[in-house]
Amino acid sequence: MSFSSLWGGNTGRAIRRESAKLAIVSIWFVVIYYVVIAVLHIVLANVLPSEDIGEQIMDDSSRSLHHSWPWFILVYGICAPLYLKNMLSFGLTRGQFATGLIWASALVTAGYVALDAIISAVTGQFAAANLLSDFLIAFSFWLFGWIVAVGFQYRNVFTSAGGIALAVFLIYALIRYAYVEQALGSWNVETYFFEFSAPGAAMLAAADALLAAVLHFLTRRISVRC
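Below: a short report on this structure. (Residues numbered from 1 in each chain as written. Predicted model: local features only at pLDDT ≥ 70, side-chain atom pairs only at ≥ 80, totals over all residues. Heavy atoms only, no water.)

**A closer look at the overall build of the protein chain**
Rule in force here: The way it works is that DSSP assigns letters per residue, a run of H or I at least four long becomes a helix, a run of E at least two long becomes a strand, and they are numbered from the N terminus. Burial classification: accessible surface area is computed with a 1.4 Å probe over protein chains only, and a residue below 20% of its type maximum counts as buried, one above 50% as exposed, and the rest as partly exposed. Two residues qualify as a contact provided that any one of their heavy atoms is within 4.5 Å of a heavy atom in the partner residue. Surface accessibility in these figures is a Shrake-Rupley result with a 1.4 Å probe; residues are shielded only by whichever protein chains are displayed.
Within the protein chain one finds eight helices and two strands. Residues counted as buried form 42% of the 226 residues belonging to the protein chain. Long-range pairs, those at least 24 residues apart, make up 75% of the contacts in the protein chain between residues at least 6 apart in sequence. When the accessible surface of the protein chain is summed, it comes to about 11,800 Å², and 71% of that surface belongs to carbon and sulfur atoms.

Take a look at the structure:
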């Protein structure tokens, strides 16, 4: 299947639909976030007058936004697959919907990385080595959310509990071996971000590809009630 036929068919419709949804929600997320930061800046500037307070707030807020994105994408990773029934009514197959979700999540995650890179550059915290690390971590969190959704879509207490338990375990494993033990890379003190090593990035990319394939397979076998 060529990219043009993929993009122009039902799968392309799913990709564009889900990408647009998450893009709109992401924009609102960033706008609301910085409105809150602006208000906080004004309040703290009056309570704690200092020449460096504004710069410190901006630095801390950009770091906070950077580390909050994976959790935001995790939540959407839980919600987006639940639109399966609606998308089937538009003529998509389960396989096309699953493929659309994977492409949409990859595109939106790449958009997040670009936006985060711009914010980091403005605040003087940009590092090119962070781009791949940011993408892999955010995309992994999206897949973890999809695990939870698939568990509930099978409408079984065991699959629901198992999906949640597996997602929590994978999040714990990623945080532990990446951030705590730094088995997959190292912590950049200057930029305050985690950077994957080449073997660590390859390992996580392979794990994500395998997990995406498994979720695609499971989604194709979900039964939908009329």
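On we go.
**Examining the pattern of salt bridges**
If the charged atoms of two oppositely charged side chains come close together, the side chains can form a pair. We apply this condition: Every case where a carboxyl oxygen of Asp or Glu lies within 4 Å of a side-chain nitrogen of Lys or Arg is listed as a salt bridge.
If you walk through the whole model with that rule in mind, you get one salt bridge. With its nearest N and O atoms 2.9 Å apart, the salt bridge here joins glutamate 181 to arginine 176.

**Some points on the nonpolar core**
Note the cut-off: What is meant by a nonpolar core is a set of buried Ala, Val, Leu, Ile, Met, Phe, Trp, Tyr and Cys residues, joined one to another through side-chain atoms within 4.5 Å.
Formed by 41 residues in total, the largest nonpolar core has its most connected members in Trp142, Leu143, Phe144, Trp146 and Phe196. Secondary structure elements with two or more residues in this core: α3 (53-79), α4 (84-89), α5 (94-122), α6 (129-153), α7 (157-180), β2 (193-196) and α8 (198-219). Among the elements that take part in this core, α6 stands out by supplying 13 residues, more than any other. Discounting chain neighbours no more than four positions away, the residues touching leucine 143 are Asp208, Leu211, Ala212 and Leu215.

**Re a nonpolar patch on the surface**
How we decide: By definition, no residue in a patch forms a salt bridge, and every one has over 30% relative accessible area; like charges are joined within 9 Å, nonpolar side chains (Val, Leu, Ile, Met, Phe, Trp, Tyr) within 5 Å.
A contiguous nonpolar surface patch, about 790 Å² in accessible area, is contributed by Ile24, Ile27, Trp28, Val31, Ile32, Val35, Val36 and Val39. Residue placement: valine 35 occurs in helix α2 (residues 10-47).

**Some remarks on the packing of α5 against α8**
For clarity, the threshold we go by: Every axis corresponds to a line fitted to the C-alpha atoms, with the helix fit spanning only the stretch in contact, and the corresponding angles, defined between N-to-C directions, vary from 0 to 180 degrees. Every angle not falling under 35 degrees, over 145, or within 65 to 115 is termed oblique; those three ranges are roughly parallel, roughly antiparallel and roughly perpendicular. Helix crossings get a hand from a simple test, with the near helix turned counterclockwise from the far one by less than a right angle marking a left-handed crossing and a clockwise turn marking a right-handed one.
Direction vectors running N to C along α5 and α8 enclose 150°, while the axes themselves pass 8 Å from each other. Taken together, α5 and α8 sit at an angle that is classed as roughly antiparallel. Between α5 and α8 the crossing geometry is right-handed. Counting all contacts with α5, which are made through Arg94, Gly95, Phe97, Ala98, Thr99 and Ile102, the residues of α8 involved are Ala212, His216 and Thr219.

**A closer look at the environment of aspartate 116**
By secondary structure assignment, the location of aspartate 116 is in helix α5. Classification of aspartate 116 as buried rests on a relative accessible area of 2%. In the structure, aspartate 116 is positioned 47 residues away from tryptophan 69 in sequence and 9.1 Å away in space, judged by C-alpha atoms.

**A few points about α7**
Put simply, the rule reads: Expected span of a helix: the number of residues minus one, times 1.5 Å. Here a polar contact means two N or O atoms within 3.5 Å. Within protein one must be a hydrogen donor candidate and the other an acceptor candidate, and residues neighboring in sequence count only if both atoms are side-chain atoms.
When the terminal C-alpha atoms of α7 are compared, their 33 Å separation across 24 residues agrees well with the 34 Å that a helix rising 1.5 Å per residue should span. Capping of α7 at its N-terminal end is provided by asparagine 156; its side-chain oxygen lies 2.6 Å from the backbone amide nitrogen of phenylalanine 158. Of the residues one or two after α7, glutamine 182 is the one with positive phi, at around 50°.

**Here we look at the packing of aromatic side chains**
Think of a pair of aromatic rings as described by two things: how far the centres are apart, and how the planes are tilted against each other in angle. Where we set the bar: The rule is short: rings of Phe, Tyr and Trp, with Trp giving its six-membered ring, pair when the centres are within 6.5 Å, and they are stacked under 30 degrees, edge-to-face over 60, tilted in between.
For the coordinates displayed, the defined rule picks out four aromatic pairs. Between tryptophan 71 and phenylalanine 141, the aromatic rings sit 5.0 Å apart at their centres with planes inclined by 80°, giving edge-to-face as the arrangement. Taken as a pair, tryptophan 71 in helix α3 and phenylalanine 141 in helix α6 lie far apart in primary sequence, 70 residues in all. Taking the relative accessible area as the measure of exposure, tryptophan 71 reaches 41% and is therefore partly exposed. Taking 5.9 Å as the distance between ring centres and 5° as the angle between the ring planes, the aromatic pair formed by phenylalanine 135 and phenylalanine 139 counts as stacked.

**Re the side chain of serine 140**
Structurally, the position occupied by serine 140 is in helix α6. The residues contacting serine 140, other than those within four sequence positions of it, are Leu174, Leu204 and Asp208.

**Considerations on unusual backbone geometry**
Backbone geometry places arginine 155, a non-glycine residue, at a positive phi of 50°. Turning to its location among the elements, arginine 155 is positioned in the loop between α6 and α7. Of note in the backbone geometry, glutamine 182 takes a positive phi value of approximately 50° without being a glycine.

**As for the side chain of aspartate 208**
The cut-off we apply is this: We score Asp and Glu as negative and Lys and Arg as positive, and we do not count His or the chain ends.
Structurally, aspartate 208 can be placed in helix α8. The side chain of aspartate 208 sits in the buried core without any salt bridge; arginine 176 is the nearest counter-charge, 18 Å away. A polar side-chain atom of aspartate 208 sits 2.9 Å from a polar atom in the side chain of serine 140. Not counting residues within four places of it along the chain, the set of residues in contact with aspartate 208 comprises Leu136, Phe139, Ser140 and Leu143.

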